[in-house]
Amino acid sequence: MDFDLSEDQRLLQDSLGKLLKDKYGFEQRKAIIKSGAGWSREVWAAYAELGLLGMPFAEEDGGLGYGAVETMIVMEQMGRALTLEPFLTTVVIGGGFLRHGATAAQRGAMVPEIAAGNLLLAFAHTEPQSRFDLHDVATTAKKDGGGWVIEGRKGVVVHGDTADQLIVTARISGARRDRDGIGVFLVPATAQGVTRRGFGTTDGQRAADITFDAVKVGADALLDGGLALVERVVDECMAALAAEAIGCMEAAKDLTVDYLKTRKQFGRPIGSFQSLQHRAAEMMVCLEQARSMAMLAAMMAAEPDAAERRRQMRAVKIEVGRNARFVGQQTVQMHGGIAMTMEYAGGHYLKRLTVIENMFGDIDHHLAALSEEGGVFVAA
């Protein structure tokens, strides 16, 4: 894949960069967190105006037909700004389920609404016992005439408190940890029997714990694909998260280098101390290693061989996670106490990088899975 950006891609990068520079200064971000929704409807409308919300969808469905490289560009810029809007949940994850599992009629009805900024999606999959296993599903969906009845609980549904539609995994048949028998359902968030409890997360995002109490949906609520669909969408999400991590890491590195140049001890900038210079250089090495893996993720996002795609995405998650952890921790370490405060950006980058590392499986989870699957991973 050629990673020299085209003119359109550079325009996308520049346009979004300018928007976020204007709308997402650190003080502006703190004000957004304190607002009612925890994210900005004004910025969301600006995303829609730029065409970001329709990016990955086919033109015949009302989208722009962009691919993984454009998603990488957008997520990297959003990572730099520590954005709070539900782009990942609505466009990347929700959009993936619609593109790969919905009918043409469903896409025709929903994609234009997403692209216009009028429809928000959230992926309700994590359960109290499931940890990182996508196939561990206790929530059930039972046939009820021509439709389904859903019963169960989902936890930490990112942006589940403001979503209009929930994408819910539920067991149609089999035991709790069987890979077969999992269905994926589109459930209106306002459906009778849906109860949501919203809360803020460690990294400033919003999430919800959701209970489904005899929630009735129609036959057309069931998307096509089962667990294979879930794994495909999650793989695409891992690629997007890798790109977001690059943006966070680069911004954290820049913030740290600037601090080393200006903070003085013993009458000279601390950046003149050799040990700190070595740490800053290692931060740069980690950033570039992670960037290479994010590019690999963008290349592999559309890989048709599910086993190979998953193997590569596990390697991406491991290597990006390791490097992101180092950069985030060194950002706090070299800033000292100031980076532990809510009033300074450094600690916020570490929090977001830590959450990214743990979304859809941490380093240990993917190392263990690679071992079980017979894969090989050599640490850098």
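Residues numbered from 1 in each chain as written. Predicted model: local features only at pLDDT ≥ 70, side-chain atom pairs only at ≥ 80, totals over all residues. Heavy atoms only, no water.

1. A look at the overall build of the chain
Filter applied, for reference: Only DSSP runs of H or I covering at least 4 residues are called helices, and only runs of E covering at least 2 are called strands; the numbering of each starts at the N terminus. Every radius of gyration here is taken over C-alpha atoms, with the globule rule written as 2.2 Å times N^0.38, N being the number of residues. Here, two residues are considered to be in contact whenever any of their heavy atoms come within 4.5 Å of each other. Surface accessibility follows the Shrake-Rupley procedure with a 1.4 Å probe radius. Residue values consider only the protein chains on display as shielding. Charge counting treats Lys and Arg as positive and Asp and Glu as negative, with His and both chain ends excluded. Note on charges: their place is set at NZ of Lys, CZ of Arg, CG of Asp or CD of Glu.
Across its full length, the chain holds 11 helices and 10 strands. In terms of C-alpha radius of gyration, the chain reaches 21 Å, essentially the compact-globule figure of 21 Å for 380 residues. Principal-axis analysis of the C-alpha atoms places the extent of the chain at approximately 80 × 45 × 40 Å. Put simply, 73% of the contacts in the chain that link residues at least 6 apart link residues at least 24 apart. Accessible surface, the chain: about 16,600 Å² in total, of which carbon and sulfur atoms supply 51%. The averaged location of the 49 negative side-chain charges in the chain is 7 Å from the averaged location of its 41 positive side-chain charges.

2. Considerations on the packing of aromatic side chains
Stated formally: Pairs were defined over the aromatic rings of Phe, Tyr and Trp, the Trp ring being its six-membered one, requiring ring centres within 6.5 Å. Orientation was assigned from the angle between planes: stacked under 30 degrees, edge-to-face over 60, tilted for the rest. Buried, partly exposed and exposed residues are distinguished by accessible area as a fraction of the type maximum, computed with a 1.4 Å probe on protein chains only: under 20%, between the cut-offs, and over 50%, respectively.
Scanning the entire structure with this criterion turns up 4 aromatic pairs. Each ring, one from tryptophan 39 and one from tryptophan 44, has its centre 5.8 Å from the other, and the planes form 70°; the classification is edge-to-face. Residue classification places tryptophan 39 among the buried residues on the basis of a relative accessible area of 3%. Ring centres of phenylalanine 97 and phenylalanine 123 lie 4.9 Å apart, and the angle between their planes is 50°; on these two criteria the pair is classed as tilted. Taken as a pair, phenylalanine 97 in helix α5 (residues 87-101) and phenylalanine 123 in strand β1 (residues 121-124) lie far apart in primary sequence, 26 residues in all. Here phenylalanine 97 falls in the buried class, since its relative accessible area comes to 0%. For phenylalanine 123, a relative accessible area of 6% corresponds to the buried category. Taken together, the ring pairs connect Trp39, Trp44 and Tyr47 into an aromatic cluster.

3. Let's talk about the pattern of salt bridges
Definition in use: Just to be clear on terms, a salt bridge is a Lys or Arg side-chain nitrogen sitting within 4 Å of an Asp or Glu carboxyl oxygen.
All chains considered together, the criterion is met by 25 salt bridges. In this structure, glutamate 27 engages lysine 30 in a salt bridge whose closest nitrogen and oxygen atoms are separated by 3.2 Å. In this pair, glutamate 27 and lysine 30 are both assigned in helix α2 (residues 26-34), 3 residues apart and thus about one turn of the helix distant. A relative accessible area of 53% places glutamate 27 in the exposed class.

4. With respect to the side chain of glutamate 76
Looking at the secondary structure, you find glutamate 76 in helix α4 (residues 68-81). Since its relative accessible area comes to 16%, glutamate 76 is described here as buried. Those residues in contact with glutamate 76 that lie beyond four places of it in its chain are Ala243, Glu244, Ile246, Gly247, Glu250 and Arg291.

5. Side note on the UniProt feature "domain: Acyl-CoA oxidase/dehydrogenase middle" (unreviewed entry) in the chain
Going by this rule: UniProt positions are given in the numbering used here, feature names are shortened, and annotations may be inferred rather than shown by experiment.
Within this numbering scheme, the UniProt entry marks residues 122-212 as carrying the feature "domain: Acyl-CoA oxidase/dehydrogenase middle" (unreviewed entry). Secondary structure over residues 122-212 splits into 0% helix and 53% strand, and the C-alpha atoms at its two ends are 15 Å apart.

6. Side note on the packing of helix α8 (residues 274-300) against helix α9 (residues 306-335)
Stated precisely, the cut-off is as follows: Axis definition: a line fitted to C-alpha atoms, limited for helices to the stretch in contact. Angles are taken between N-to-C directions and run from 0 to 180 degrees. Relative orientations are named as follows: roughly parallel for angles under 35 degrees, roughly antiparallel for angles over 145 degrees, roughly perpendicular for angles from 65 to 115 degrees, and oblique for any other angle. Each helix crossing is assigned a hand: it is left-handed if the near helix lies turned anticlockwise from the far helix by less than a right angle, otherwise right-handed if that turn is clockwise. Here the nonpolar group is Ala, Val, Leu, Ile, Met, Phe, Trp, Tyr, Cys and Pro; Asp, Glu, Lys and Arg are the charged ones; every other residue, Gly included, is treated as polar.
One way to put it is that α8 packs onto α9 with a least axis distance of 9 Å and a crossing angle of 155°. Taken together, the axis directions place α8 and α9 in an arrangement best described as roughly antiparallel. Crossing geometry of α8 relative to α9 is assigned as left-handed. Of the residues assigned to the contact of α8 with α9, the class counts are 16 nonpolar, 6 polar and 5 charged.

7. Some remarks on the side chain of threonine 169
Inspection of the secondary structure assignment puts threonine 169 in strand β4 (residues 165-171). Not counting residues up to four positions away in its chain, the partners in contact with threonine 169 are Phe123, Ala124, His125, Val137, Thr139, Lys154, Ile182, Gly183, Val184 and Val230.

8. Topic: the UniProt feature "domain: Acyl-CoA dehydrogenase/oxidase N-terminal" (unreviewed entry) in the chain
Following the UniProt record, one finds the feature "domain: Acyl-CoA dehydrogenase/oxidase N-terminal" (unreviewed entry) at residues 6-117. Spanning residues 6-117, this segment combines 69% helix with 0% strand, and its end C-alpha atoms are found 26 Å apart.

9. Brief notes about the environment of glutamate 231
Mapped onto the fold, glutamate 231 is located in helix α7 (residues 226-262). C-alpha of glutamate 231 to C-alpha of alanine 306: the two residues are 75 residues apart in sequence and 8.4 Å apart in space. Beyond its immediate chain neighbours, meaning those up to four positions away, glutamate 231 contacts Leu134, Arg179, Arg309 and Arg310.

10. Comments concerning the pairing of β4
In plain terms, the rule: When DSSP finds two or more bridges between two strands, those strands count as paired.
Of all the 7 residues making up β4, 7 are buried; the element is thus mostly covered by neighbouring parts of the structure. Of the two faces of β4, the one holding Gln165, Ile167, Thr169 and Arg171 and the one holding Leu166, Val168 and Ala170 are both buried throughout. When β4 meets strand β5 (residues 182-188), the two strands line up antiparallel, connected through 7 bridges. Counterpart to glutamine 165 in the pairing with β5 is proline 188.

11. Things to note about α7
Where we set the bar: Each helix should span, by expectation, one fewer than its residue count multiplied by 1.5 Å.
Between its terminal C-alpha atoms α7 stretches 54 Å, which fits the 54 Å expected from 37 residues at 1.5 Å a residue. Most of α7 sits inside the fold, with 29 of its 37 residues counted as buried.

12. Brief notes about the pairing of β5
A large share of β5 lies buried, amounting to 6 of its 7 residues. Note: β5 against strand β8 (residues 222-223), 2 bridges, orientation antiparallel. From the neighbouring strand, phenylalanine 185 faces β8, where its bridge partner is leucine 222.

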